[in-house]
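Chain residues, written in single-letter form:
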Amino acid sequence: MRQILRVTVFTQVVVWTLVLTTLVTGLFPSEGRAMLAPPSAKASESGTEQNRAADLQKIQSVLETKVVQQRLADYGLSQDEINTRVNQLSDAQVHQLATQVEAMIPAGDGGLGIVIALLVIAILAIVLVYLLDHRIQITK
């Protein structure tokens, strides 16, 4: 037999209230504005000094490699000339150079992250096999 589903008056009132509230909210959205608070002058100065120092450290570590030193020597630049040119760069130029140097480093981390991820997956697979009381049998 068919059962008739009865909707109470309370349910109808709740549904229509939600429909009207959603409609009004959608038609007249409130203006929302958000922004970050500006940093204080001292914090921004020390932050840029730290960023510049970190960027200079990245650039210096690349400049100390033998391949880069040899290539710059082929162009006729001495170590003193290189240091004076790097020190003459603005903060924005130093940051841009540091980000470009990071992108150009071909070695990266040597795939260490991938090796660690594969080891973790293998260990988890072994733990699951033993927890589920299954045995791995290799037959010829």
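Heads up: the structure comes first, above all this text.
What counts, and where the lines are drawn
- Residues numbered from 1 in each chain as written.
- Predicted model: local features only at pLDDT ≥ 70, side-chain atom pairs only at ≥ 80, totals over all residues.
- Heavy atoms only, no water.
- Patch = residues over 30% accessible without salt bridge, like charges linked within 9 Å, V, L, I, M, F, W, Y side chains within 5 Å.
- Areas by Shrake-Rupley, 256 points an atom, 1.4 Å probe, with all protein chains shown as cover.
- Salt bridge = Lys/Arg side-chain N within 4 Å of Asp/Glu carboxyl O.
- Helix = DSSP H or I, 4+ residues; strand = E, 2+ residues; numbered from the N terminus.
- Buried < 20%, exposed > 50% of the residue type's maximum accessible area, 1.4 Å probe, protein only.
- Lys, Arg positive; Asp, Glu negative; His and termini not counted.
- Contact = heavy atoms within 4.5 Å.
- Expected span 1.5 Å × (residues − 1).
- Core = buried A, V, L, I, M, F, W, Y, C linked by side-chain atoms within 4.5 Å.

A. Local environment of a nonpolar patch on the surface. Where nonpolar side chains cluster on the molecular surface, the patch consists of Leu20, Leu23, Val24, Leu27 and Phe28 and spans about 550 Å² of accessible area. Inspection of the secondary structure assignment puts Val24 in helix 1 (residues 9-27).

B. Focus on the side chain of Asp55. Among the secondary structure elements, Asp55 is positioned in helix 2 (residues 41-63). In this structure, Asp55 is buried with no salt-bridge partner, the nearest side chain bearing the opposite charge being Lys58 at 4.2 Å. Those residues in contact with Asp55, other than ones at most four positions away along the chain, are Val94, His95 and Ala98.

C. Broad picture of helix 6 (residues 112-131). Taking 1.5 Å as the rise per residue, helix 6 with 20 residues should run 28 Å; its terminal C-alpha atoms sit 28 Å apart, in good agreement. With zero of its 20 residues buried, helix 6 lies for the most part at the surface. One or two steps after helix 6, the chain reaches Asp133, where phi turns positive at roughly 60 degrees.

D. Structural view of the nonpolar core. Listed in full, the seven residues of the largest apolar core are Ile59, Leu63, Leu72, Ile82, Val86, Val94 and Ala98. Residue assignment for this core shows that the elements contributing at least two residues are helix 2, helix 4 (79-87) and helix 5 (91-104). Setting aside anything within four residues of it in sequence, one finds Ala98 in contact with Asp55, Lys58 and Ile59.

These results come straight from atomic positions and should not be treated as a statement about function.
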